[in-house]
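Close look at the chain arrangement
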Amino acid sequence: MIKWLGAIIGFSFRGFIGGILGFLAGSFLDNLMGGDSRRPRSVFDDLTRQSVSPADFELNLLSLCSIVIKADGQVSQRELDYVRQYFLSTYGKEKANAIFRTFNDVIKKREVSAQRICQYLNQRTRYEVRLQLVHFLFGIAQADGQVSAAEIAKLKELASFLRIGKVDFESIMAMFVKSADKAYKILEIQKTATDDEVKKAYRNMAKKYHPDKVITENEAIKKGAEEKFKEVQKAYETIQQERGMG
């Protein structure tokens with residue numbers, strides 16, 4: 001049951017995405033060792049509406065990473081290092097190198113159909129999972145110190161393919177891209193909002209991102225929401241301080 005050990009280790013270090021990648025790496029080793037004829041309930045059974053192969057999910061995830069890295073016309077070494085370090089810290093050198101070889105093969109391909117990949121994921125994943133994917137991809141784009149205009153355009157395109165709402169996309173983007181009204185964008189409101197509207201927006205975001213409020217029994221999704229909720233809290237506190245709200 002190596003895949004479950006990998007999922008637990010990955011989740012403990014890197015939350016939702018780490019859990020998925022750890023599960024995928026463990027599944028690969030399980031298959032090499034003969035697999036398990038009595039297949040237990042997969043972590044994907046809770047994350048998806050339909051059955052999805054871990055290998056297929058991994059390939060599509062790596063393809064999306066490659067699309068973001070190549071978005072500005074060049075392959076940034078810092079962004080590659082970000083992905084490699086993520087793999088290394090999640091489940092060790094040997095497994096990471098094996099997966100990164102696959103990643104290198106993917107990134108060298110001239111064309112990867114983003115729309116086709118996203119359509120595949122849309123049919124098999126919940127909206128909460130796709131929000132986490134967009135957040136993860138923004139992290140890759142920011143690895144070289146800034147998210148370029150070309151990367152923002154590509155991420156916006158991917159988000160539209162993944163059927164992510166405009167307001168949700170702008171909220172996630174505000175967590176990575178500096179702007180004068182960043183705190184308001186994170187809370188998905190205008191700067192002209194009243195204090196009562198600010199409080200209401202904060203409550204709404206809590207319902208959307210707080211681990212205890214995310215409507216799912218899957219702890220991985222709740223864990224993945226923690227990072228974004230910290231940004232939501234920070235945004236609310238910033239507005240409170242600016243306005244002297246009690």
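Before reading further, recall that the structure is shown in the block above.
Residues numbered from 1 in each chain as written. Predicted model: local features only at pLDDT ≥ 70, side-chain atom pairs only at ≥ 80, totals over all residues. Heavy atoms only, no water.

1. Points about the overall build of the protein chain
From N to C terminus, the protein chain includes 12 helices and zero strands. When the helices and strands of the protein chain are read in sequence order from the N terminus, they spell out α-α-α-α-α-α-α-α-α-α-α-α. Per-residue burial for the protein chain yields a buried fraction of 48% across its 246 residues. Here the analysis covers contacts within the protein chain between residues at least 6 apart in sequence; of these, 70% occur between residues at least 24 apart. As presented, the protein chain carries roughly 13,000 Å² of accessible surface, and 48% of it is formed by carbon and sulfur atoms. (Helix = DSSP H or I, 4+ residues; strand = E, 2+ residues; numbered from the N terminus. Buried < 20%, exposed > 50% of the residue type's maximum accessible area, 1.4 Å probe, protein only. Contact = heavy atoms within 4.5 Å. Areas by Shrake-Rupley, 256 points an atom, 1.4 Å probe, with all protein chains shown as cover.)

2. Notes on helix α7 (residues 127-141)
With 15 residues, α7 extends 21 Å from end C-alpha to end C-alpha; this agrees with the ideal 21 Å at 1.5 Å per step. For α7, the tally of buried residues reaches 13 of 15 residues, placing the bulk of the element in the interior. (Expected span 1.5 Å × (residues − 1).)

3. Regarding the pattern of salt bridges
Close approach of charged atoms allows side chains of opposite charge to pair. A complete count under the given rule lists four salt bridges for this structure. When the shortest N-O distance is used, the salt bridge between D195 and R243 registers 2.7 Å. With a gap of 48 residues between them, D195 in helix α11 (residues 195-209) and R243 in helix α12 (residues 219-243) connect regions that are remote in the sequence. The exposure class of D195 is partly exposed, given its relative accessible area of 34%. Classification of R243 as partly exposed rests on a relative accessible area of 26%. The salt bridge partner of E231 is K234, with a shortest N-O separation of 3.9 Å. Of this pair, E231 and K234 are both found in helix α12, three residues apart, which corresponds to roughly one turn of the helix. (Salt bridge = Lys/Arg side-chain N within 4 Å of Asp/Glu carboxyl O.)

4. Structural notes on the environment of A180
Inspection of the secondary structure assignment puts A180 in the loop between α9 (166-174) and α10 (182-186). Separated by 11 residues in the primary sequence, A180 and K191 place their C-alpha atoms 9.8 Å from one another.

5. Structural notes on a positive patch on the surface
The grouping of K199, K200, R203 and K207 at the surface amounts to a positive patch. Residue position: R203 is located in helix α11. Judged by relative accessible area, R203 falls into the partly exposed class, the value being 48%. (Patch = residues over 30% accessible without salt bridge, like charges linked within 9 Å, V, L, I, M, F, W, Y side chains within 5 Å. Lys, Arg positive; Asp, Glu negative; His and termini not counted. Charge placed at Lys NZ, Arg CZ, Asp CG, Glu CD.)

6. Concerning the nonpolar core
The biggest cluster of nonpolar side chains holds 56 residues, and the ones touching the most others in it are L137, F138 and L187. Looking at this core element by element, the count peaks at eight residues for α7. The residues contacting L137, other than those within four sequence positions of it, are L64, C65, V68, L155 and L158. (Core = buried A, V, L, I, M, F, W, Y, C linked by side-chain atoms within 4.5 Å.)

7. A closer look at the environment of S63
Residue position: S63 is located in helix α3 (residues 54-69). Expressed as a C-alpha distance, the spacing of S63 and D105, which sit 42 residues apart in the sequence, is 9.8 Å.

8. Brief notes about unusual backbone geometry
A positive phi is found at R163, a non-glycine position, where the angle reads about 65 degrees. In this fold, R163 is placed in the loop between α8 (149-161) and α9. Since its relative accessible area comes to 55%, R163 is described here as exposed. Although it is not a glycine, E188 sits at a positive phi angle of roughly 65 degrees. Position of E188 among the secondary structure elements: in the loop between α10 and α11.

9. Structural notes on the environment of Q233
Examined against the element boundaries, Q233 turns out to sit in helix α12. Through-space distance from the C-alpha of Q233 to that of A183 is 9.6 Å; in sequence the pair is 50 residues apart.

Everything listed here is a matter of coordinates, which is why it stays silent on function.
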